[in-house]
Amino acid sequence: MKNEYNIALLPGDGIGPEVSGEAVKVLKVLESKLGLTLKLNEVPVGGAGDEATGHPLPDDSLETARKADAVLLGAVGGPQWENLDFSLRPERALLGLRSSLKLYANLRPAKIFPALVEASTLKQEVVEGLDILVVRELTGGIYFGEPRGVETLADGSRKGVNTLVYSEEEIDRIARVGFDVARKRKKNVVSVDKANVLECTGLWREVVGKVHQDFQDVVLSNMYVDNCAMQLVRNPKQFDVILTTNMFGDILSDEASMLTGSIGMLPSASVGGETGMYEPIHGSAPDIAGKNMANPLAMILSVGMMFKYSFDREEPNEWIESAVEAVLDRGCRTLDIMSKGMKEVGTRAMGDFIVQELEARVK
Ligand code: IPM
Ligand code: MG
């Protein structure tokens, strides 16, 4: 196993730099305790990329990401860049990284920590023990389909177009990821589509069914996306792996995250290419940026996923998850997961508590 890793650190915008700072504290603990050398190369992306170079994904940043063993990203976006042309918006950096690094598979675990059961807006018995993995296709579908854009017609009125496209090959490869990860879980995949209306997702259902023949130990069922949105709040524990398209996965993973108490708790891994990328699923939260209020736990849990998926080291991920659990059990809460009787802490203090618990765990 390697002992030296190059990590591209892309803090981005809004609360991105703050939560990245807490992730770095965690990396330092793992580095010294495990005798690793973790080389961090910090580069700007998103609005920060715009400010530095006039482009949300500077060539240099992309090159650094490409050469790294893994990429850690905070968040991108903010109101000050909302009026820029689409090609210059901070979000383009994220989409550019995903497609350039060929990260077609996005894994978004929505797992509830016992201490946060009461932070969920749903009843305790509905969410207790919840453990869902959303497998979202990430480099295709309506996010990338052509034609796209807004055109002005001869009469001066405008028409907006985006296109939902999936090739059999794209569906096949993401379906394999979904079945593969299900094998390490409860072996249950629900493939989510809108096959009653959209031909493209009719093909999705067909190809997923075909791939399933190679994974007959896994149970597959199909669900329309509207029904899935409803089932997620009605009875979320029926789900193990949700396998779905880029846009449906974007929407359903936000919904699934709230079942766990806060979107500030959910990490993600984007894999499939040579270099994996790890990021919290929350955005840049400009309203609370710079106020030491953001929840760093999704970012810290993303570090765990990086060790697991890119460095093939399970233990650091387990230590991090258990440190998070312990800190929550001690009653520490950032504002987004605050409830009565708990102790409210800021971003940095939360990071410090995690470091403390982690140090006690890593031999
Ligand atoms: C996400 C985000 C992104 C997406 C945005 C910021 C481009 O919402 O990662 O879920 O839509 O994929
Ligand atoms: Mg999203």
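Read on for an overview of the structure. Just so it is clear, the model here is predicted, and its values are computed rather than measured. (Residues numbered from 1 in each chain as written. Chains lettered and ligands numbered in written order. Predicted model: local features only at pLDDT ≥ 70, side-chain atom pairs only at ≥ 80, totals over all residues. Heavy atoms only, no water.)

Quick look at the overall build of the chain
If you tally the helices and strands in the chain, you get 12 helices and 14 strands. Taken over C-alpha atoms, the radius of gyration comes to 20 Å for the chain, in line with the 21 Å a tight globule of 363 residues would show. C-alpha atoms of the chain, sized along the principal axes, occupy 60 × 50 × 45 Å. Taken across its 363 residues, the chain has 54% of its residues classed as buried. For the chain, the exposed surface amounts to about 15,600 Å²; the carbon and sulfur share of it is 50%. (Helix = DSSP H or I, 4+ residues; strand = E, 2+ residues; numbered from the N terminus. Rg over C-alpha atoms; globule rule 2.2 N^0.38 Å. Buried < 20%, exposed > 50% of the residue type's maximum accessible area, 1.4 Å probe, protein only. Areas by Shrake-Rupley, 256 points an atom, 1.4 Å probe, with all protein chains shown as cover.)

Section: the sheet that holds strand S3 (residues 70–75)
Spatial ordering of the open sheet is given by S2-S1-S3-S12-S11-S4-S5-S10-S8-S9, a layout of 10 strands whose pairing is mixed. The sheet terminates laterally at strand S2 (37–42) and strand S9 (219–224), the two strands that pair on one side only. Strand-to-strand twist across the sheet, computed as the mean angle between neighbouring axes with direction ignored, equals 25°. For strand S8 (residues 188–193) and strand S10 (residues 241–244), the ladder comprises 4 bridges, and the chain directions are parallel. When the bridges of S10 are listed, valine 189 appears paired with valine 241. Packed on one face of the sheet, helix H4 (residues 91–100) meets strand S1 (4–12), S3, strand S4 (105–111), strand S5 (131–137) and strand S12 (276–280) and runs near 150° to S12. On top of the sheet, helix H6 (residues 168–183) reaches S4, S5, S8, S9 and S10; it is set at about 165° to S5, its chief contact. (Pairing = 2+ DSSP bridges. Axes fitted to C-alpha atoms, helices over the stretch in contact; angles between N-to-C directions. Contact = heavy atoms within 4.5 Å.)

A word on the site of ligand 1
Close to ligand 1 lie Glu91, Leu94, Arg98, Arg108, Arg136, Tyr143 and Asp250, which account for all nearby residues. Between ligand 1 and the protein, one listed contact pairs an oxygen atom with a side-chain N or O atom of arginine 98 at 2.7 Å. In this structure, an oxygen atom belonging to ligand 1 sits 2.5 Å away from a side-chain N or O atom of tyrosine 143. Among the elements that take part in the shell around ligand 1, H4 stands out by supplying 3 residues, more than any other. (Near = heavy atom within 4 Å. Polar contact = N/O pair within 3.5 Å; in protein donor to acceptor, adjacent residues only side chain to side chain.)

What about unusual backbone geometry?
Following glutamate 146, the chain continues to proline 147 via a peptide bond in cis, the omega torsion being 0°. As for its position among the elements, proline 147 is in the loop between S5 and strand S6 (149–152). For asparagine 292, which is not a glycine, the phi torsion comes out positive at approximately 55°. Position of asparagine 292 among the secondary structure elements: in the loop between S12 and helix H10 (297–309). Residue classification places asparagine 292 among the partly exposed residues on the basis of a relative accessible area of 23%. Of note, aspartate 312 is a non-glycine position whose phi angle comes to about 55°, a positive value. Looking at where aspartate 312 falls in the secondary structure, it is placed in the loop between H10 and helix H11 (314–329). Residue aspartate 312 is classed as exposed on the basis of its relative accessible area, which comes to 63%.

What about the pairing of strand S11 (residues 267–271)?
Looking down a regular strand, the side chains alternate between one sheet face and the other. Extensive coverage of S11 is indicated by the burial of 5 of its 5 residues. Alternating residues of S11 divide into Pro267, Ala269 and Val271 and Ser268 and Ser270, and every residue in both groups is buried. Relative to S11, S4 runs antiparallel, the two being bridged by 3 bridges. Looking at S11, one finds that alanine 105 is bridged to valine 271. In the sheet, S11 pairs with S12 via 4 bridges, with the strands oriented antiparallel. Bridging across to S12, serine 270 finds its partner in methionine 277. What sits between S11 and S12 in their antiparallel hairpin is a turn of 4 residues, with glycine 272 showing a positive phi close to 125°.

Regarding the pairing of S10
Burial of S10 is two-sided: the residues Val241 and Leu243 facing one way and the residues Ile242 and Thr244 facing the other way are all buried. Sheet topology note: the S5/S10 ladder contains 4 bridges and is parallel. When the sheet's bridge partners are listed, arginine 136 is paired in S10 with threonine 244.

Some details on the packing of aromatic side chains
On inspection of all chains with the given rule, the structure shows 4 aromatic pairs. Relative to phenylalanine 311, the ring of tyrosine 5 has its centre 3.8 Å away and its plane inclined at 15°; by these criteria the two rings are stacked. Of the two residues, tyrosine 5 sits in strand S1 while phenylalanine 311 sits in the loop between H10 and H11, which places them 306 residues apart along the sequence. Using a relative accessible area of 4% as the deciding quantity, one classes tyrosine 5 as buried. Accessibility expressed as a relative area gives 3% for phenylalanine 311, which makes it buried. Plain terms: the ring middles of phenylalanine 179 and phenylalanine 215 are 5.2 Å apart, the flat faces sit at 25° to each other, and that makes the pair stacked. With phenylalanine 179 in helix H6 and phenylalanine 215 in the loop between helix H7 (199–212) and S9, the pair connects residues that are 36 residues apart, well separated along the chain. Overall, phenylalanine 179 belongs to the buried group, its relative accessible area being 0%. (Phe/Tyr/Trp six-rings, centres within 6.5 Å; stacked < 30°, edge-to-face > 60°.)

Thoughts on helix H12 (residues 347–361)
Between its first and last C-alpha atoms H12 spans 21 Å; for 15 residues at 1.5 Å apiece the expected length is 21 Å, and the two agree. For H12, the set of buried residues is Thr347, Met350, Gly351, Phe353, Ile354, Val355, Glu357, Leu358 and Arg361. Packed against the buried residues of H12 are helix H1 (16–34), H10, H11, strand S13 (332–333) and strand S14 (343–344). (Expected span 1.5 Å × (residues − 1).)

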